[in-house]
There are 2 protein chains.
Amino acid sequence: MSSQPNHPALLIPGPIEFDDAVLQSMSHYSESHVGAPFVATFSETLSMLRKLFQTTDPSSQPFVISGSGTLGWDLVAANLAEPGDDVLVLHTGYFADSFADCFETYGVKATQLKAPIGSRPQLPEIEKALKEKKYKLLTVTHVDTSTGVLSELKALSEMVHRVSPETLVIVDGVCSVGCEEIEFDKWQLDGVITASQKAIGCPAGLSISMFSGRAVKTFQSRKTPPGSYFASFKNWMPIMQNYEAKKASYFATPSPQLIHALHTSLTQILSRPLAERFATHRETSQKIKKAVTDLGLKQLASDAADQANGMTAIYLPENVKAPELLPNLLKKGVIFAGGLHKEIAAKYIRFGHMGVSVTDPKRDDIDRAIQALQNGLSEAGYQKA
Amino acid sequence: MSSQPNHPALLIPGPIEFDDAVLQSMSHYSESHVGAPFVATFSETLSMLRKLFQTTDPSSQPFVISGSGTLGWDLVAANLAEPGDDVLVLHTGYFADSFADCFETYGVKATQLKAPIGSRPQLPEIEKALKEKKYKLLTVTHVDTSTGVLSELKALSEMVHRVSPETLVIVDGVCSVGCEEIEFDKWQLDGVITASQKAIGCPAGLSISMFSGRAVKTFQSRKTPPGSYFASFKNWMPIMQNYEAKKASYFATPSPQLIHALHTSLTQILSRPLAERFATHRETSQKIKKAVTDLGLKQLASDAADQANGMTAIYLPENVKAPELLPNLLKKGVIFAGGLHKEIAAKYIRFGHMGVSVTDPKRDDIDRAIQALQNGLSEAGYQKA
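Residues numbered from 1 in each chain as written. Chains lettered and ligands numbered in written order. Predicted model: local features only at pLDDT ≥ 70, side-chain atom pairs only at ≥ 80, totals over all residues. Heavy atoms only, no water.

Draft legend 1. Looking closely at the sheet that holds strand 5 (residues 137–141) of chain A. All names here are of chain A. Spatial strand order, 2-10-9-8-5-3-4: 7 strands in an open sheet with mixed pairing. At either end of the open sheet lies a strand with only one pairing partner, and these are strand 2 (61–66) and strand 4 (109–113). With direction set aside, neighbouring strand axes in the sheet form an average angle of 20°. By the bridge criterion, 5 bridges tie strand 5 to strand 8 (residues 168–172) in an arrangement that is parallel. Across the sheet, the residue bridging to threonine 139 is isoleucine 170, located in strand 8. Relative to the sheet, helix 7 (residues 213–220) contacts strand 2, strand 8 and strand 10 (206–211), its axis offset from that of strand 8 by approximately 110°. (Pairing = 2+ DSSP bridges. Helix = DSSP H or I, 4+ residues; strand = E, 2+ residues; numbered from the N terminus. Axes fitted to C-alpha atoms, helices over the stretch in contact; angles between N-to-C directions. Contact = heavy atoms within 4.5 Å.)

Quick look at the structure:
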């Protein structure tokens, strides 16, 4: 059913399994980055991103830049905040620490609001923090890939707009765009950064983001120049606007092959209603979480409302060690990821369930993975208490 | 002979035509970026880069990062110089202006030494500049993609080491690595930055670079932290060292597909002696330059010693306009690039001759291109004076 050679199903929280047509687009013959055929492909890709993020506001600005998801942090920190500005970083795991590091690199003062592992900062404490100090922007990790904790964006953004209307709402959507509901305009978001290799279903190598007209104005009214060259809005914004308007433009050479793959993947995603895509991810996630609970295991995200729909972080039973379980799962044809949150990395595993593994009815990746997990735990001597 | 569909031969100074096997590697099935198979591939790729750059000094440090060639400038400017430092930028066209911009972004004072279009700064004036002020580093564009001017690295580096031994010698090799001779160790270079999509023959999307042990020490003795987050040696150096030692490591997700393609391309390049590869590029370049001269046309690089071996920048005859000639060449199955140097962009075209179009005896790209150029000029009413 697949033109890909037999290989273990990659069920980590990114990179994910890719569709055959997407992978075939990766080997597109070479094209000029400023020639009409590629310019048209890039233009359509940028337009499709507007649909994926559910924004029709013409002042919204998409960016697609060669790089990894991490580059999105530089885009935010070097363009939307200035040295000496205060920003509020909501902490749900590994990635908030790194985002804070990125802000500090550009001279921006990051205040972290932390929560216990597996939880997230609550609205009342965020509101309190916003009332105590003026923050240029607030960042929230929509799904923290290290813990599988899902943050609630809609109520958060409403509260920020009410309490501190000048504060930009910035979302790290690396592990959420494409599998979790995001309504960029309706929820009044100012920035969502993501990467190609997770729920968008295109191989790694692209930093993908959407910023609001308000964010662009914040950038335009900077008193200091942007802190980065490669991540500078000043360098990239005219390029993105030109490409979308089907005009060739040059700052740095884009990757035609990756853009073709992204074009294919977005075309597939947008061929069905987004609501249906999100519902399928939710249903599959529920099935997986039920199987985990039935096995007597606990998730890092203890509250069901805080559980991501594209991944599940699972505490291992006392006597089961990841360095023994994961290779056994690989033998069964399934790749899960180990823990990433520094404090408890050895104690849990992560199961990614995004994209074609979830949406393609011809694949049985998820059922095989649940079965492999059950058998693997049993072979490791684990019995439900 | 090729599994790629019929398409015009892309003969611009990058991206270039890619080999079938390289493009097939782009559609490699999805792998974990921290799993043993991909870690082995990345390790071998880093080792092969040492061979490509002709460095056996274990203190040399290769980097392969998702991004474009431009990111290499940030690597240099944000890690090897500190705010307030002086650097000397040798100017041969468009790219030195941009590199200088990049330095200024990070608070580094860039002094440009300019030369007339089609020429390059000469050793005596560079020596004079180095004696007048202490420069942390000097940058030279090995081949300026905007003008086709080739700089001489060996004599330059010898002079810098003699006159100003503390000054690092940094090479922008975006349009030279893989087609022009570079002996990293023997010539005592401190940094060479490049990209995947030119003479290395792998699709765009990777920033590739090599730095000397001396450059690494310069970084390690910084008094201020690096100016960029995504381009920080601090973040990337442990990752590159771990991957090369076959240990999984994480800062930002690499692109397994692009690394596979680079692995394939480097394997092909290193299967033959490098000297032979450089000689083939020189011979083909000579043939093209002779054809250009026979047509009565002039190159931007007027002195034969300053002419690149992987591209040719050609002044158009008086009455021939690029916006008419280039589409006619496309009809004949050949893609050339327009001018890029701001002051004279409309007056010239660029012909790239790197990689498989030059080295693969099964391809007739170069002969077809020369023929198309002759016919295209004739159809535009041009006759040799």
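Draft legend 2. Spatial organisation of the sheet that holds strand 13 (residues 337–338) of chain A. Residues and elements named next belong to chain A. Across the sheet, which stays open at both edges, the 3 strands sit in the order 11-14-13 with antiparallel pairing between neighbours. If you trace the sheet from one side to the other, it starts and ends with strand 11 (311–315) and strand 13, each paired once. Judged from the 2 bridges that link them, strand 13 and strand 14 (residues 348–352) form a sheet pairing that is antiparallel. Within strand 14, the position partnered with alanine 337 by the bridge is arginine 350.

Draft legend 3. The arrangement of the relation of the copies chain B and chain A in detail. Between the two copies, chain B and chain A, the superposition gives an RMSD of 0.0 Å; the rotation angle is 180° and the shift along the axis is 0.0 Å. Considering both components of the superposition, the chain copies are consistent with a two-fold axis. Identified as the residue of chain B closest to the rotation axis by C-alpha distance is B:Gly67, at 2.1 Å. (Least-squares fit on C-alpha atoms with pLDDT ≥ 70 in both.)

Draft legend 4. Up close: the UniProt feature "binding site: substrate" (unreviewed entry) in chain A. Residues and elements named next belong to chain A. Within the UniProt annotation, "binding site: substrate" (unreviewed entry) is assigned to Arg350. Positionally, arginine 350 belongs in strand 14. Polar contacts involving the side chain of arginine 350 include one to the main-chain carbonyl oxygen of threonine 145, which spans 2.8 Å. (UniProt positions renumbered as here; feature names shortened; annotations may be inferred. Polar contact = N/O pair within 3.5 Å; in protein donor to acceptor, adjacent residues only side chain to side chain.)

Draft legend 5. Local environment of the pattern of salt bridges. A full pass over the atoms with the stated rule returns 44 salt bridges over all chains. Note that A:Asp360 and A:Arg363 form a salt bridge whose closest N and O atoms lie 3.9 Å from each other. Residue classification places A:Asp360 among the buried residues on the basis of a relative accessible area of 14%. The partner of B:Lys290 in a salt bridge is B:Asp294, and the shortest N-O contact between them spans 2.8 Å. Taken together, the residues span about one helical turn, with B:Lys290 and B:Asp294 both in helix 10 (residues 274–294) at a distance of 4 residues. With relative accessibility at 53%, the residue B:Lys290 sits in the exposed group. Assessed through its relative accessible area of 43%, B:Asp294 is described here as partly exposed. Look at the salt bridges and you will find they share partners, linking A:Glu17, A:Asp360, A:Lys362, A:Arg363, A:Asp364, A:Asp365 and A:Arg368 into a network. (Salt bridge = Lys/Arg side-chain N within 4 Å of Asp/Glu carboxyl O. Buried < 20%, exposed > 50% of the residue type's maximum accessible area, 1.4 Å probe, protein only.)

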